[in-house]
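# Examination of the molecular architecture
Now for the letters of each chain:
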Amino acid sequence: FMHPITVALADGDPTKLAAYQKLLDDDGEFSVVARASTARGAVSNVNRLHPRILLININILPNKNMTSMLAQLPHDNSTIVVALTDELNAEHFQLDLLGSGVRGLLSREVAQNSLSKALHAVDQGEAWVTRGLLGKFMDRVVSRELDKAH
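Read on for a plain summary of the structure. (Residues numbered from 1 in each chain as written. Predicted model: local features only at pLDDT ≥ 70, side-chain atom pairs only at ≥ 80, totals over all residues. Heavy atoms only, no water.)

### Quick look at the overall build of the chain
Summing up its helical and strand segments, the chain has 6 helices and 5 strands in all. In sequence order, the chain lays out its α and β elements as β-α-β-α-β-α-β-α-β-α-α. Here the C-alpha atoms of the chain give a radius of gyration of 16 Å, agreeing with the 15 Å that 2.2 N^0.38 yields for 150 residues. Every one of the 150 residues in the chain was classed for burial, and the buried ones make up 41%. Considering only contacts in the chain between residues 6 or more positions apart, those separated by 24 or more positions represent 63%. Accessible area for the chain stands at about 8,400 Å²; split by element, carbon and sulfur atoms hold 53% of it. (Helix = DSSP H or I, 4+ residues; strand = E, 2+ residues; numbered from the N terminus. Rg over C-alpha atoms; globule rule 2.2 N^0.38 Å. Buried < 20%, exposed > 50% of the residue type's maximum accessible area, 1.4 Å probe, protein only. Contact = heavy atoms within 4.5 Å. Areas by Shrake-Rupley, 256 points an atom, 1.4 Å probe, with all protein chains shown as cover.)

### As for helix 4 (residues 91-99)
Residues of helix 4 that are buried include every one of F93, Q94 and L97, and no others. Buried residues of helix 4, viewed axially, fall in a sector of 100 degrees; they line one side. Helix 4 presents H92, D96 and G99 as exposed residues on the side facing more than 90 degrees away from its buried surface. Buried residues along helix 4 sit in contact with helix 3 (66-70), strand 4 (80-85), strand 5 (104-107) and helix 6 (131-149). Two residues or fewer after helix 4 comes G101, characterised by a positive phi angle close to 115 degrees. (Arc of directions from axis to C-beta.)

### Concerning the sheet that holds strand 3 (residues 53-57)
One open sheet accounts for 5 strands, arranged 2-1-3-4-5; its pairing is parallel. At either end of the open sheet lies a strand with only one pairing partner, and these are strand 2 (30-36) and strand 5. Here the average twist between neighbouring strands, direction ignored, is 20 degrees. Looking at chain direction, strand 3 and strand 4 are connected through 5 bridges and run parallel. Paired with L54 across the two strands is V81, which belongs to strand 4. (Pairing = 2+ DSSP bridges. Axes fitted to C-alpha atoms, helices over the stretch in contact; angles between N-to-C directions.)

### Looking at the pattern of salt bridges
Across all of its chains, the model carries 3 salt bridges by this definition. The partner of K22 in a salt bridge is D26, with the nearest N and O atoms 2.6 Å apart. Of this pair, K22 and D26 both sit in helix 1 (residues 14-27), 4 residues apart, roughly one helical turn. Residue E145 is joined to K148 by a salt bridge in which the shortest nitrogen-to-oxygen separation is 3.3 Å. Linking E145 with K148, this pair stays in helix 6, spanning 3 residues, or about one helical turn. Since its relative accessible area comes to 42%, E145 is described here as partly exposed. Given a relative accessible area of 61%, K148 falls into the exposed group. (Salt bridge = Lys/Arg side-chain N within 4 Å of Asp/Glu carboxyl O.)

This is the structure:
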């Protein structure tokens, strides 16, 4: 039997927190070790419990600033941060999040369907982004390669 993947949840909406917890409990391979409704609570849970994954709704971060929250985690932090956001259409915002060290991005709408799949993926070392964003990344990479070729 594999050790369960430990997860800390952080969302300002108690209904969402309960829904995420149920999805993860139903999956059977996760153990939700903490729930928080504030960024401060999330940071203290990570610092205290060192979960494998922190699933956090960025709306609870002051100014939605992920970088300043990540700076409050220990330097040797091994907790993987997955961000829940409603702004998956704002590409530059997603790129900033990924640049700050977030390993996964999930829209709160689709989280119901792909939450456990996404968390399994980041646990395995993969990044999790939306197909739309992946398409944009591919376009950039391809056009950069084409520029080099000419």
